[in-house]
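# Per-entry structural report
So the chains spell out like this:
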Amino acid sequence: MSARFKRKVTLKITPAKTDWILVGLVLGLTIFGLIMVGNASVVEAYRDFGDKFYYLRLQTQWVAFGLFAFLIACFFNYRRLKMLAIPLLIFTLISLVLVLIPGIGAKALGARRWLGIGAFRFQPAELAKLTMVLYLASFFSNKRSFLPFLALLGILVVLIMLEPDLGTTVVVAATSLVVYFASGASVWQIGLVGLVGLIGGGGLIFFSPYRRERLLTFLNPTRDPLGASYHIRQILIALGSGGVFGVGLGQSRQKYEYLPAATTDSIFAVVAEELGFVGAVAILLAFLFLIWRGFKIASQAPDDFGRLLAVGITSWIGFQALVNLGAMVALIPLTGVPLPFISYGGSSLILALTGMGILINISKQRVARK
């Protein structure tokens, strides 16, 4: 073959160095989240425990654990995670089963989502986000098979929906599809799974009274103002009250028992009320920049496993932020998903920071393709 028809690809290995921009962004979001949790929780903490710093102290502990996991993941060679993919997946599946068993899984607000060992509790569904990405990256870096992927995704979706947790199900399913697509899957396979997901999701909404109410509220926010639409109406009041520059840090009125889940799923509403449109846009831009940075790291990963792992972690954080923020501004029906790095909660924060640590580790071994 003539030399002019040959395509030459050169690989340039860049010096290994930490992506300090991404590190700074993750630490900034985490510290900002800690401040907002302490700020948004004072009323609820004083009401329930007589200590307005109760949730702040707990979140500080989770931040410490999360940063420790972040540091370990930064320096632990991500290639060795391949050996942990199957054991972690098995542990996750067992945990998802155990959480459904009365007496083992802790029940709160009508859902079984927590496993408790003494004072320690964690959510297996949060662990599923990381372990699913890790396993799929390992599996698809060796081969690509549609039916095993579909079977595993179906098992995970069913177990998480039995809790029930529709928001996490959407995040896990969407992230898994992106990893499968990045592995070289055909468009018709992605379309088929997406179509099945839409039909299944429609069925879950139709046969579940509270989900049906949320959908009807989304279509008509003025219906049942003291019932089904109360939550979203309080969120929109908080967003509107913030104006351009907000009412001031610590000056939220909606956190005074008007806004449900002010420290967890709805914390963005408190941010927007206190810091206004400017603060809300800053959070949005921070997540967009993080997603761009993550996909850039994926494009420079030295192997398929690292590339798929980076794509999966970035998609997981991106989809979770998208679902939370979309629900907060009434672009999608309200669903319970924490805002990464900012919402109160140990399981979500620790695992998100662990995922970011893995992403940093991949970035330190990047390869420039010319």
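Here's what I pulled together on the structure shown here. (Residues numbered from 1 in each chain as written. Predicted model: local features only at pLDDT ≥ 70, side-chain atom pairs only at ≥ 80, totals over all residues. Heavy atoms only, no water.)

We now examine unusual backbone geometry. Across the junction of Glu163 and Pro164, the peptide omega takes the value -5°, indicating a cis bond. Its place among the elements puts Pro164 in the loop between helix 6 (146–161) and helix 7 (166–182). Look at Glu257: it is not a glycine, yet its phi comes out positive at around 65°. Looking at where Glu257 falls in the secondary structure, it is placed in the loop between helix 10 (230–242) and helix 11 (267–299). For Phe341, which is not a glycine, the phi torsion comes out positive at approximately 70°. Among the secondary structure elements, Phe341 is positioned in the loop between helix 12 (304–328) and helix 13 (346–363). On the accessibility criterion, Phe341 (2% relative accessible area) is buried. (Helix = DSSP H or I, 4+ residues; strand = E, 2+ residues; numbered from the N terminus. Buried < 20%, exposed > 50% of the residue type's maximum accessible area, 1.4 Å probe, protein only.)

This paragraph deals with the pattern of salt bridges. One pass over the structure, following the stated rule, counts eight salt bridges. Where Asp303 meets Arg79, a salt bridge forms, and the shortest distance between an N and an O atom there is 3.1 Å. Linking Asp303 in the loop between helix 11 and helix 12 with Arg79 in the loop between helix 3 (54–75) and helix 4 (82–98), this pair joins segments that are 224 residues apart in sequence. Between Arg307 and Asp304 there is a salt bridge, with the nearest N and O atoms lying 3.5 Å from each other. Pair noted here: Arg307 and Asp304 are both in helix 12, with a separation of three residues, about one helical turn. Note on Arg307: relative accessible area 26%, which makes it partly exposed. Taken together, the salt bridges that share partners define one network made up of Arg47, Asp48 and Glu257. (Salt bridge = Lys/Arg side-chain N within 4 Å of Asp/Glu carboxyl O.)

Let us now look at the packing of aromatic side chains. Here the structure, examined in full by the defined rule, presents 14 aromatic pairs. Taking 6.1 Å as the distance between ring centres and 55° as the angle between the ring planes, the aromatic pair formed by Phe146 and Trp188 counts as tilted. In this pair, Phe146 sits in helix 6 while Trp188 sits in helix 8 (residues 187–206), placing the two residues 42 residues apart along the sequence. Exposure remark for Phe146: the relative accessible area of 13% places this residue in the buried category. (Phe/Tyr/Trp six-rings, centres within 6.5 Å; stacked < 30°, edge-to-face > 60°.)

Here the focus is the side chain of Asp165. Its location among the elements puts Asp165 in the loop between helix 6 and helix 7. Polar side-chain contacts of Asp165 include one of 2.8 Å to the side chain of Thr168. Filtering out sequence-adjacent residues up to four positions away, Asp165 remains in contact with Arg113, Ala125, Ile160 and Gly336. (Polar contact = N/O pair within 3.5 Å; in protein donor to acceptor, adjacent residues only side chain to side chain. Contact = heavy atoms within 4.5 Å.)

Moving on: the packing of helix 12 against helix 13. When two helices pack together, their arrangement is given by the angle between the helix axes and the distance between those axes. Between helix 12 and helix 13, the shortest axis-to-axis distance is 10 Å and the interhelical angle comes to 145°. Handedness of the crossing formed by helix 12 with helix 13: left-handed. Contacts from Gly306, Leu309, Ala310, Ile313, Thr314, Trp316, Ile317 and Gln320 in helix 12 reach Ser348, Leu351, Ala352, Gly355, Met356, Ile358, Leu359 and Ile362 in helix 13. For the contact of helix 12 with helix 13, the class distribution of residues is 11 nonpolar, five polar and no charged. (Axes fitted to C-alpha atoms, helices over the stretch in contact; angles between N-to-C directions. Left-handed = near helix turned anticlockwise from the far one by under 90°. Nonpolar A, V, L, I, M, F, W, Y, C, P; charged D, E, K, R; others polar.)

The next point concerns the side chain of Ser266. As for its position among the elements, Ser266 is in the loop between helix 10 and helix 11. Of the residues examined, Ser266 reaches a relative accessible area of 0% and is grouped as buried. Here the side chain of Ser266 touches Pro260 through a polar contact of 3.1 Å, landing on its backbone oxygen. Setting aside anything within four residues of it in sequence, one finds Ser266 in contact with His231, Ile235, Leu259, Pro260, Ala261 and Met328.

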